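Coordinate inspection notes
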Amino acid sequence: MSAVMITRKITRKWEKLPGKNTFCCDGRVMMARQKGVFYLTLFLIVGTCSLFFAFECPYLAVHLSPAIPVFAVLLFVFVMAMLLRTSFSDPGVLPRALPEEANFIEMEIEAANGNVLAGQRPPPRIKNVQINNQIVKLKYCYTCKIFRPPRASHCSICDNCVDRFDHHCPWVGNCVGKRNYRYFYLFTLSLSLLTIYIFAFDIVHVVLRSVDSGFVNTLKETPGTVLEVLVCFFTLWSVVGLTGFHTYLISLNQTTNEDIKGSWSGKNRVQNPYSHKNIIKNCCEVLCGPTYPSVLDRRGLMLEDSCSSAPSNDATTVPVNKSSNPATQTTKSSAPLIPNEHTPDEAKPSIGSGTQKSSSSPKEEKPSSPISPNTVAPAVIKESTH
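Right, let's walk through the structure included here. In this text the structure is predicted, and so the values were computed from the model without any measurement.

1. As for the sheet that holds strand S9 (residues 160-162)
Pairing is antiparallel in the open sheet, where 3 strands are placed in the order S4-S9-S8. The open sheet has two edge strands, strand S4 (93-94) and strand S8 (153-155), and neither has a second partner. The pairing of S4 with S9 spans 2 bridges and is classified as antiparallel. Note that in S9 the partner of leucine 94 across the bridge is cysteine 161.

This is the structure we're talking about:
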């Protein structure tokens, strides 16, 4: 005879999260799995600045001003802080639907679409919401089993839906989204200033030394300066150009994904409902708005039950009451931040036929709530603790 032994193991939620991400420091650090280009970014920044501090700063501090290396150190520290903040943070990943939530959404879709005849393509899975008196379509993600909030998109590299998805940046080793876009922009802006700063004082250093020992001898005596000038010259245009492009996007309150797809400049000439028609207001909303908390709860605890058989003389089966486990409860929250956002009456699906079908099912129907582009936790997203 054998008896079933149930053992419970406490784990962190980040260990069971789907998607293609890597976690460090017990879930505090979240990055993409492809980090090779990120290490190249670190090498270029740290290597170039180290050469500048070793060769140019001692000479410039004596012959010009000691404030030159001090300002360079402060700028370097700020660049590294913004880079690590962008790379190691949650960009705004949306959790996937639980199995019961996915089944409920499928039931709603079937009720809205009705019976589709054989051989016909089913209608696209979309929902319409109204934002600033303009209809915005919410697309269904077949991987995450949710209707994505406005401006969200699914990253094929990280395999996650990201809120206010801008783009996936291999140079920072992470997606750029709602929670780390401002840090990404500050990183590109400060890196542009640092590159210009080092490039300019490299030229000044060569000119000052050339007065005493000649230009050719100066190049032979300072090979590190020549390497710095070449690195800064080739990286200056791309970094400054990227900063200018994102400055343009921020002034319009637009994302890179929307600009590439032409969401607000297509054939229909649909206006951007998120723009305030004012550059200062758009910049303040993107760069000075509230910091949204992560909805993943990466370091939350969850219990795992594992069954194992052991020999025993007692064949009594002890039932396990799973409902007594508080970790199996789910919570959901919705906090719409746009007061004039609602689903238009003409866009609401008729679910009369689906209601009759679901009335015979023992499952309880859950109410739905509006989806807002600025919600901290959309209505289709729920935090599970089991």
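2. Some thoughts on the packing of helix H1 (residues 36-63) against helix H2 (residues 67-87)
Helix-helix packing: each pair is described by the crossing angle between the helix axes and the interaxial distance. With their axes 10 Å apart at the nearest point, H1 and H2 run at an angle of 170 degrees to one another. Taken together, the axis directions place H1 and H2 in an arrangement best described as roughly antiparallel. Residues Phe38, Thr41, Leu42, Ile45, Val46, Cys49, Phe52, Phe53, Cys57, Leu60 and Ala61 of H1 form the contact with H2, whose own contacting residues are Ile68, Pro69, Ala72, Val73, Phe76, Val79, Met80, Leu83, Leu84 and Ser87. Taken together, the residues that form the contact of H1 with H2 break down as 19 nonpolar, 2 polar and no charged.

3. Re the environment of threonine 143
Position of threonine 143 among the secondary structure elements: in the loop between strand S6 (134-141) and strand S7 (146-147). The exposure class of threonine 143 is partly exposed, given its relative accessible area of 38%. Along the chain, threonine 143 and asparagine 160 lie 17 residues apart, while their C-alpha atoms are 8.4 Å from each other. Threonine 143 has contacts with Arg96, His154 and Asp159, leaving out every residue within four places of it along the chain.

4. Examining H1
Across its 28 residues, H1 extends 40 Å between first and last C-alpha, which sits within 8% of the 40 Å expected from 1.5 Å per residue. Where H1 bends most, the angle comes to about 45 degrees, and this point is glutamate 56, followed within four residues by the proline proline 58. Turning to H1, its buried residues are Phe38, Thr41, Ile45, Thr48, Cys49, Phe52, Glu56, Cys57, Tyr59 and Leu60.

5. Observations concerning the packing of H1 against helix H6 (residues 223-252)
Two numbers describe how H1 lies on H6: the axes approach to 10 Å, and their chain directions differ by 145 degrees. For the pair H1 and H6, the crossing hand works out as left-handed. For the pair H1 and H6, the contacting residues are Thr48, Leu51, Phe52, Phe55 and Glu56 in the first and Gly224, Thr225, Leu227, Glu228, Val231 and Cys232 in the second. Of the residues that constitute the contact of H1 with H6, the class distribution is 6 nonpolar, 3 polar and 2 charged.

6. Regarding the packing of aromatic side chains
Within this structure, the stated rule accounts for 10 aromatic pairs. Ring geometry for tyrosine 140 versus tyrosine 142: centroids 5.2 Å apart, planes at 90 degrees, classification edge-to-face. Given a relative accessible area of 5%, tyrosine 140 falls into the buried group. Geometrically, the ring pair formed by phenylalanine 233 and tryptophan 237 is edge-to-face, given 6.1 Å between the ring centres and 90 degrees between the ring planes. Of this pair, phenylalanine 233 and tryptophan 237 both sit in helix H6, 4 residues apart, roughly one helical turn.

7. A word on unusual backbone geometry
One non-glycine residue, lysine 145, lies in the positive phi region at around 60 degrees. Turning to its location among the elements, lysine 145 is positioned in the loop between S6 and S7. Positioned with a positive phi, lysine 277 is a non-glycine residue whose angle comes to about 60 degrees. Mapped onto the secondary structure, lysine 277 falls in the loop between helix H7 (256-261) and helix H8 (279-288).

8. Here's the deal with the side chain of arginine 298
Looking at the secondary structure, you find arginine 298 in the loop between H8 and strand S12 (301-311). One buried charged residue, arginine 298, remains without a salt bridge, the closest side chain of opposite sign being aspartate 90 at 4.1 Å. In this structure the side chain of arginine 298 is engaged in a polar contact, spanning 2.8 Å, whose partner is the backbone oxygen of glycine 27. Here the side chain of arginine 298 touches arginine 28 through a polar contact of 3.5 Å, landing on its backbone oxygen. Non-local contacts of arginine 298, meaning those with residues more than four positions away in its chain, are made with Arg12, Lys13, Trp14, Leu17, Phe23, Gly27, Arg28, Met30 and Asp90.

9. Points about helix H4 (residues 181-213)
With 33 residues, H4 should cover 48 Å at 1.5 Å per step; its first-to-last C-alpha distance of 48 Å lies within 8% of that length. Residue glycine 214 follows H4 closely and has a positive phi angle near 90 degrees.

Reading the values: the criteria
Residues numbered from 1 in each chain as written. Predicted model: local features only at pLDDT ≥ 70, side-chain atom pairs only at ≥ 80, totals over all residues. Heavy atoms only, no water. Pairing = 2+ DSSP bridges. Helix = DSSP H or I, 4+ residues; strand = E, 2+ residues; numbered from the N terminus. Axes fitted to C-alpha atoms, helices over the stretch in contact; angles between N-to-C directions. Parallel < 35°, antiparallel > 145°, perpendicular 65-115°, else oblique. Contact = heavy atoms within 4.5 Å. Nonpolar A, V, L, I, M, F, W, Y, C, P; charged D, E, K, R; others polar. Buried < 20%, exposed > 50% of the residue type's maximum accessible area, 1.4 Å probe, protein only. Expected span 1.5 Å × (residues − 1). Bend = angle between axes of the 7 residues up to and from the residue. Left-handed = near helix turned anticlockwise from the far one by under 90°. Phe/Tyr/Trp six-rings, centres within 6.5 Å; stacked < 30°, edge-to-face > 60°. Lys, Arg positive; Asp, Glu negative; His and termini not counted. Salt bridge = Lys/Arg side-chain N within 4 Å of Asp/Glu carboxyl O. Polar contact = N/O pair within 3.5 Å; in protein donor to acceptor, adjacent residues only side chain to side chain.

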